[in-house]
Amino acid sequence: MRSHAATKGPLIMRARFGRYVVCCLAAAALAATASAQTRYTTVVIDPGHGGFDRGGIPGQRVPEKMMTLDVSLRLKPLLEKAGYRVVMTRDTDVFVPLGTRAAIANSYPNAIFVCVHFNSATRSGANGIETYFYSTESAPLAASIHSALVGGAPSENRGVRRRGYFVLRRTTIPAVLIECGFLTNPTEAQYAQSSEYRQKLAQEIARGILNRPALATRTAYTNRSSRVDVGLQPFLDQRFMRESGTKHRRHKTSTTKKSPSTEKKKVSSEEQ
Ligand SMILES: [Zn+2]
């Protein structure tokens, strides 16, 4: 005689198996997310500008190209110490075309691409740190680096933004472009000219790449922006999306920010 239990048995087993499958799928999804963030073994560091391309805007006193190189050269050993292979798109004051920078990045499939820049604007009051990404898979990296950077620097938090800069569009690996503050802002330019501060920036970028929590204590610098949540801002201005050309361009565009901390700003220089 077949009992109810006997007939229910397979149903229960199916239900349990179903839950098992769901659990496995969930675990696999979590594992995939985790591996997506940790699978890379190489970091390609891209110090913005170089050579005849000083970066920034005409007449800018502090050359961006030297600041980006210095922070990048400080970032390199920090990442190597953490076990990453590091590739530099440039390690001296030379000009490297944007297409070459993207090609270098794309030749390392297990890498992430980190472009280091400083910002500039015709209005000296413009200040703050902002981080850009383009592909969806780059968003977590952008958020992590930005969070570390604004947590460790005294600059305003201008947010994480999605924008189609050349080097972000043309890279096939997770790619992030960091604007470490405005060299046209007297306060931030002063900070940037301090080697101690540039070391701090490198340390925070490294922390963001390693996805480590921010330091509990910040010794050298106060942080006015730590209370600000770093939310992803799905800002995408199609006017800046261009598909043609590997030639280095310097184009000025102006845009009005849409965040509450809106300030009209001339987006300057390279903005690749
Ligand atoms: Zn730049």
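Residues numbered from 1 in each chain as written. Predicted model: local features only at pLDDT ≥ 70, side-chain atom pairs only at ≥ 80, totals over all residues. Heavy atoms only, no water.

Here we look at the packing of helix α4 (residues 139–152) against helix α7 (residues 195–210)
Remark: α4 packs on α7, axes separated minimally by 7 Å, with the N-to-C direction vectors making an angle of 145 degrees. Here α4 and α7 pass one another in a crossing that is right-handed. Residues Leu141, Ser144, Ile145, Ala148, Leu149 and Gly152 of α4 lie in contact with α7, whose contacting residues are Lys200, Leu201, Glu204, Ile205, Arg207, Gly208 and Ile209. Looking at the contact of α4 with α7, its residues break down into seven nonpolar, three polar and three charged. (Axes fitted to C-alpha atoms, helices over the stretch in contact; angles between N-to-C directions. Helix = DSSP H or I, 4+ residues; strand = E, 2+ residues; numbered from the N terminus. Left-handed = near helix turned anticlockwise from the far one by under 90°. Contact = heavy atoms within 4.5 Å. Nonpolar A, V, L, I, M, F, W, Y, C, P; charged D, E, K, R; others polar.)

Quick word on the nonpolar core
Membership of the largest hydrophobic core comes to 37 residues, with the highest contact counts inside it found for Leu79, Val114, Ile205 and Ile209. Counting 16 residues, the second-largest nonpolar core is a separate cluster that includes Val87, Leu98, Val167 and Leu168. (Core = buried A, V, L, I, M, F, W, Y, C linked by side-chain atoms within 4.5 Å. Buried < 20%, exposed > 50% of the residue type's maximum accessible area, 1.4 Å probe, protein only.)

Comments concerning α4
Between its terminal C-alpha atoms α4 stretches 20 Å, which fits the 20 Å expected from 14 residues at 1.5 Å a residue. In terms of residue burial, α4 counts as a mostly covered element, since eleven of its 14 residues are buried. Within the span of α4, buried status applies to Ala139, Leu141, Ala142, Ser144, Ile145, His146, Ala148, Leu149, Val150, Gly151 and Gly152. (Expected span 1.5 Å × (residues − 1).)

Looking at the side chain of Arg198
Inspection of the secondary structure assignment puts Arg198 in helix α7. For Arg198, a relative accessible area of 11% corresponds to the buried category. When near neighbours in sequence (up to four residues on either side) are disregarded, Arg198 contacts Met67, Asp70, Val71, Arg74, Ala192 and Gln193.

Comments concerning the packing of aromatic side chains
All told, the structure shown has four aromatic pairs when counted by the stated rule. Ring plane angle 70 degrees and centroid distance 5.0 Å describe the contact between Tyr132 and Tyr165, whose orientation is recorded as edge-to-face. Remark: Tyr165 occurs in the loop between β5 (157–162) and α5 (166–169) and Tyr132 occurs in strand β4 (residues 129–133); sequence separation between them is 33 residues. Across this residue pair, the class does not change: Tyr132 and Tyr165 are buried. For Arg162, the ring lying beneath its charged end belongs to Tyr134, and the centroid distance is 4.5 Å. (Phe/Tyr/Trp six-rings, centres within 6.5 Å; stacked < 30°, edge-to-face > 60°. Lys NZ or Arg CZ within 6 Å of the ring centre and 35° of its normal.)

Concerning the pattern of salt bridges
Counted by the stated rule, this structure contains eight salt bridges. Residue Asp46 is joined to Arg101 by a salt bridge in which the shortest nitrogen-to-oxygen separation is 2.7 Å. Of this pair, Asp46 sits in strand β1 (residues 42–47) while Arg101 sits in helix α3 (residues 98–106), and the two are 55 residues apart along the sequence. The class of Arg101 is buried, set by a relative accessible area of 1%. It is possible to trace a salt-bridge network through shared partners that takes in Asp70, Arg74 and Arg198. (Salt bridge = Lys/Arg side-chain N within 4 Å of Asp/Glu carboxyl O.)

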